[in-house]
Amino acid sequence: MPIATTLRLLAKARGLSATDIATAIPRAGAATVSAWLRGEKLPGKDQLDALARTFGVPAGALLAELASQLDPARTKGEHDLLAAYRALNTRQQGALLEVARSMAEHRPRKR
């Protein structure tokens, strides 16, 4: 799940507006918080720590999501595939992994 979605869900669960959140975050106005919630900007480390305190979640949870989004080794397709995989139930995930492994084993060789 993108960090913007996570932040929106946490804000909704706590009943907080962008203005409410901005009052708890150093060097962040309501416009900046709104941009985070829309996924247009990313908060810095200090802001992530403050967001975690504001929402009552471990900072690592927000940082892990941010790190996965910024992982240069992952392509857009890999992010999309992971998001689709996470949306499946356990049985569906197992079936998808089986198909993917089978496809990887039988891929054409490069010449």
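Anything mentioned here points back to the structure above.
Definitions and limits used
- Residues numbered from 1 in each chain as written.
- Predicted model: local features only at pLDDT ≥ 70, side-chain atom pairs only at ≥ 80, totals over all residues.
- Heavy atoms only, no water.
- Helix = DSSP H or I, 4+ residues; strand = E, 2+ residues; numbered from the N terminus.
- Buried < 20%, exposed > 50% of the residue type's maximum accessible area, 1.4 Å probe, protein only.
- Contact = heavy atoms within 4.5 Å.
- Areas by Shrake-Rupley, 256 points an atom, 1.4 Å probe, with all protein chains shown as cover.
- Salt bridge = Lys/Arg side-chain N within 4 Å of Asp/Glu carboxyl O.
- Core = buried A, V, L, I, M, F, W, Y, C linked by side-chain atoms within 4.5 Å.

1. Quick notes on the overall build of the protein chain
Then comes step 1: Each helix and strand counted, the protein chain has 7 helices and 0 strands in total.
Then comes step 2: Put simply, the protein chain runs from its N terminus to its C terminus through helices and strands in the order α-α-α-α-α-α-α.
Then comes step 3: Taking all 111 residues of the protein chain together, the buried fraction comes to 25%.
Then comes step 4: Pairs at least 24 apart in sequence give 51% of the contacts found in the protein chain among residues at least 6 apart.
Then comes step 5: Of the accessible surface of the protein chain, which amounts to about 7800 Å², a share of 58% is contributed by carbon and sulfur atoms.

2. Some words on the side chain of Gln93
Then comes step 1: Considering the arrangement of structural elements, one finds Gln93 in helix 7 (residues 90–105).
Then comes step 2: In contact with Gln93, other than residues within four places in its own chain, are Tyr85, Arg86 and Leu88.

3. Focus on the pattern of salt bridges
Then comes step 1: In the structure shown here, the tally under the stated rule is 3 salt bridges.
Then comes step 2: The closest approach of N and O atoms between Arg27 and Asp46, which form a salt bridge, is 3.3 Å. Here Arg27, found in the loop between helix 2 (18–24) and helix 3 (30–38), pairs with Asp46, found in helix 4 (residues 45–55); they are 19 residues apart in sequence, far enough to count as distant.
Then comes step 3: Between Asp49 and Lys45 there is a salt bridge, with its nearest N and O atoms 2.8 Å apart. Here Asp49 pairs with Lys45, and both are found in helix 4, just 4 residues apart, close to one helical turn.

4. Notes on helix 4
Then comes step 1: Taken together, the buried positions of helix 4 are occupied by Gln47, Leu48, Asp49, Ala50, Leu51, Ala52 and Phe55.
Then comes step 2: Gly56 sits one or two residues past helix 4 and shows a positive phi near 70°.

5. Concerning the nonpolar core
Then comes step 1: Core analysis: the largest hydrophobic core is formed by 18 residues, its most contacted members being Leu7, Val33 and Leu51.
Then comes step 2: With 5 residues, helix 4 is the largest single contributor of residues to this core.
Then comes step 3: Look past the residues within four positions of Val33 in its chain and what remains in contact with it is Ala18, Ile21, Ala22 and Ala28.

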